[in-house]
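The lines below spell out each chain.
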Amino acid sequence: FYEAYDKASESALLPPGVYTLHDLRAFGRKKGWCPYFLARHMLSFCNVLVYNYQYLLDPKVSGLVSRELERECIVVFDEAHNIDNVCIEALSVNLRQQT
């Protein structure tokens, strides 16, 4: 699937609309394209993007998933009362003493 998506390159675009995971998988199967890479490619074309805020806050994940987002965009956090715990967890390290 990735090879077919990569071959289509810049012409690998979704028609305008709202897509669920099921829709992306069905479209990818129909075109023979990888739905994961298609979705990542389409981030730069989105007007509204709904995804888990950990993809934006966790530096290990955001560098891979969120780097296509515009520098000047509006971000709305749902369930914002959990953000402090997510940030603490994302930026913490665990040390253990080996014997």
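Residues numbered from 1 in each chain as written. Predicted model: local features only at pLDDT ≥ 70, side-chain atom pairs only at ≥ 80, totals over all residues. Heavy atoms only, no water.

Asks: Where do I start with the overall build of the protein in this structure?
Replies: For the protein, the helix and strand inventory stands at 6 helices and 0 strands. Its helices and strands in sequence order give the protein the pattern α-α-α-α-α-α, from N to C terminus. Per-residue burial over the protein gives 23% buried out of 99 residues. With an accessible surface of roughly 8,300 Å², the protein has 55% of that area assigned to carbon and sulfur atoms. (Helix = DSSP H or I, 4+ residues; strand = E, 2+ residues; numbered from the N terminus. Buried < 20%, exposed > 50% of the residue type's maximum accessible area, 1.4 Å probe, protein only. Areas by Shrake-Rupley, 256 points an atom, 1.4 Å probe, with all protein chains shown as cover.)

Asks: Help me understand the environment of Pro35 in this model?
Replies: Its location among the elements puts Pro35 in helix α3 (residues 35-42). By relative accessible area, which is 25% here, Pro35 ends up partly exposed. With 11 residues separating them along the chain, Pro35 and Leu24 place their C-alpha atoms 5.6 Å apart. The residues touching Pro35, leaving out its near neighbours within four places in the chain, are Leu24 and Arg25. (Contact = heavy atoms within 4.5 Å.)

Asks: How should the nonpolar core be read in this particular structure?
Replies: Proteins that are soluble and globular tend to have nonpolar side chains buried together. Ranked by size, the top nonpolar core spans 6 residues in total: Leu14, Leu24, Phe27, Trp33, Leu38 and Met42. Every element with two or more residues in this core is listed here: α2 (21-31) and α3. (Core = buried A, V, L, I, M, F, W, Y, C linked by side-chain atoms within 4.5 Å.)

Asks: Would you take a moment to explain the confidence of the model for the protein for this structure?
Replies: Detailed reading of the predicted model is not advised wherever pLDDT is low. Here the protein averages 77 in pLDDT, and 85% of its residues register 70 or above. Looking over the protein, one finds the lowest element-wise mean pLDDT in helix α1 (residues 2-8), namely 63, and the highest in α2, namely 88. (pLDDT = per-residue confidence, 0-100.)

Asks: Sorry, what's going on with helix α6 (residues 83-90) here?
Replies: Along an α-helix, residues three or four positions apart point the same way, because every turn accommodates 3.6 residues. For α6, the complete set of buried residues consists of Ile83, Val86 and Ala90. For α6, the buried positions fall inside an angular range of 65° around the axis, keeping them on one side. Exposed side chains of α6 directed beyond 90 degrees from the buried face belong to Ile88 and Glu89. Close packing links the buried residues of α6 with α4 (54-57) and α5 (59-65). (Arc of directions from axis to C-beta.)

Asks: Any chance you could explain the environment of Phe27 here in plain terms?
Replies: Residue placement: Phe27 occurs in helix α2. Separated by 13 residues in sequence, Phe27 and Leu14 place their C-alpha atoms 8.3 Å apart. Not counting residues up to four positions away in its chain, the partners in contact with Phe27 are Leu13, Leu14, Pro15, Trp33 and Leu38.

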